[in-house]
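Residue strings, one per chain:
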Amino acid sequence: MKSFPLYLLLLLTVMGFTLIAQTDSAPKTNLTICFEMIDSIIIGHVSNIDKSEVKTFSSNLVSDYSIFTNFVSDKFAKLNFSRIDETPITSNINFVISNIKVSYSKPKKMSFFGDYSVERNILIEGSFLFTGTKSDLISFDKTYSDVITYNSIKEVEDMSLPFTKGEIPEVPLFSSILEPAIVVGSAALIVYLFFSVRGK
């Protein structure tokens, strides 16, 4: 009967390894983060400028970036700017997004039997062209970083919007083979000890 505590300890250990689960809520999608970043960019560059002569805006959001057009218009409208769509008229502010890029780091583990995690990086580049008594072109590049589980990458990307997708790194082959082998071996040992103890 002296072997029983060892069996119980092994059982609880393997159960602890195999039942590890993520308790955090689902991560924000890449598109949601892009909206939040654009909101922050506009507020940071526009909200504190002198509005005595800067009262209109336009935006140049081409291709897939056009999904942000209404959002950008609404944001400028809340800051008391009027939209200019007619090309003969020059707006006081022209907002441009030139590049959005998503990238992921190599998968890493926080613990031996834990899930793989990756660092997610989202970069937005663009510019503001301010026109008034003088013209001023201000470029910006804003980066967002956080850590998400490797298995959640597909969930945070939007298949219809290429700019929300990044190159998905491969999981190390050695670890993907070793961990199942350890779990199976531990389970086999527990079964052996269980029947050995019952036999005594």
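Preceding this paragraph is the structure being described.
Residues numbered from 1 in each chain as written. Predicted model: local features only at pLDDT ≥ 70, side-chain atom pairs only at ≥ 80, totals over all residues. Heavy atoms only, no water.

Trainee: Where do I start with the overall build of the chain in this structure?
Mentor: Helices and strands together make up the secondary structure of the chain, namely five helices and six strands. Starting at the N terminus, the α and β elements of the chain follow one another as α-α-β-α-β-β-β-β-β-α-α. Counted over contacts in the chain with a minimum sequence separation of 6, partners at least 24 positions apart contribute 74%. As displayed, the chain has an accessible area near 12300 Å², and 58% of this comes from carbon and sulfur atoms. (Helix = DSSP H or I, 4+ residues; strand = E, 2+ residues; numbered from the N terminus. Contact = heavy atoms within 4.5 Å. Areas by Shrake-Rupley, 256 points an atom, 1.4 Å probe, with all protein chains shown as cover.)

Trainee: How should the side chain of Lys75 be read in this particular structure?
Mentor: Topologically, Lys75 is positioned in helix α3 (residues 69-78). A relative accessible area of 14% places Lys75 in the buried class. With residues up to four places along the chain from it excluded, the contact list for Lys75 reads Asp39, Ile42 and Ile43. (Buried < 20%, exposed > 50% of the residue type's maximum accessible area, 1.4 Å probe, protein only.)

Trainee: I tried to follow the packing of aromatic side chains on my own but got confused; where do I start?
Mentor: Remark: the centre distance and the inter-plane angle together describe each pair of aromatic rings, the angle taken between the planes. A full pass over the atoms with the stated rule returns 11 aromatic pairs. Clustering of aromatic rings is evident, with ring pairs tying together Phe57, Phe76, Phe81, Phe95, Phe128, Phe130 and Phe140. Positioned over the ring face of Tyr116 is Lys109, at 4.2 Å from the centre of the ring. (Phe/Tyr/Trp six-rings, centres within 6.5 Å; stacked < 30°, edge-to-face > 60°. Lys NZ or Arg CZ within 6 Å of the ring centre and 35° of its normal.)

Trainee: When you look at the pairing of strand β5 (residues 116-130) in this model, what are you seeing that I'm missing?
Mentor: Residues in a regular strand project their side chains so that they alternate between the two faces of the sheet. Across 11 bridges, the pairing between strand β3 (residues 93-104) and β5 is antiparallel. Within the sheet, the bridge partner assigned to Ser103 lies in β5 and is Asn121. The pairing of β5 with strand β6 (residues 136-149) spans 14 bridges and is antiparallel. Following the sheet pairing, Arg120 is matched in β6 by Asp146. (Pairing = 2+ DSSP bridges.)

Trainee: Would you explain unusual backbone geometry in this entry?
Mentor: Backbone phi values are negative for most residues with the exception of glycine, while trans is the configuration of most peptide bonds. Here the phi dihedral of Ser63 falls at roughly 55°; this positive angle occurs in a residue that is not glycine. Among the secondary structure elements, Ser63 is positioned in the loop between β1 (56-60) and α3. The backbone phi angle of Asn80 is positive, close to 70°, even though this residue is not glycine.

Trainee: Mind showing me how you'd approach the nonpolar core here?
Mentor: In a soluble, globular protein the nonpolar side chains are often hidden away together inside. Counting 36 residues, the largest nonpolar core has Phe68, Phe76, Phe95 and Phe128 as the members making the most contacts within it. Contributing elements (two or more residues each) for this core: α2 (30-46), α3, β3, β5, β6 and α4 (153-156). Among the elements that line this core, the one with the most residues is α2, at eight residues. (Core = buried A, V, L, I, M, F, W, Y, C linked by side-chain atoms within 4.5 Å.)

Trainee: I would appreciate a short explanation of the side chain of Thr56 in the present structure.
Mentor: Among the structural elements, Thr56 can be located in strand β1. For Thr56, a relative accessible area of 17% corresponds to the buried category. Here the side chain of Thr56 touches Asn92 through a polar contact of 2.9 Å, landing on its backbone nitrogen. When residues no more than four places from it in sequence are discounted, the contact partners of Thr56 are Phe81, Ser82, Ile84, Thr90, Ser91, Asn92 and Ile93. (Polar contact = N/O pair within 3.5 Å; in protein donor to acceptor, adjacent residues only side chain to side chain.)

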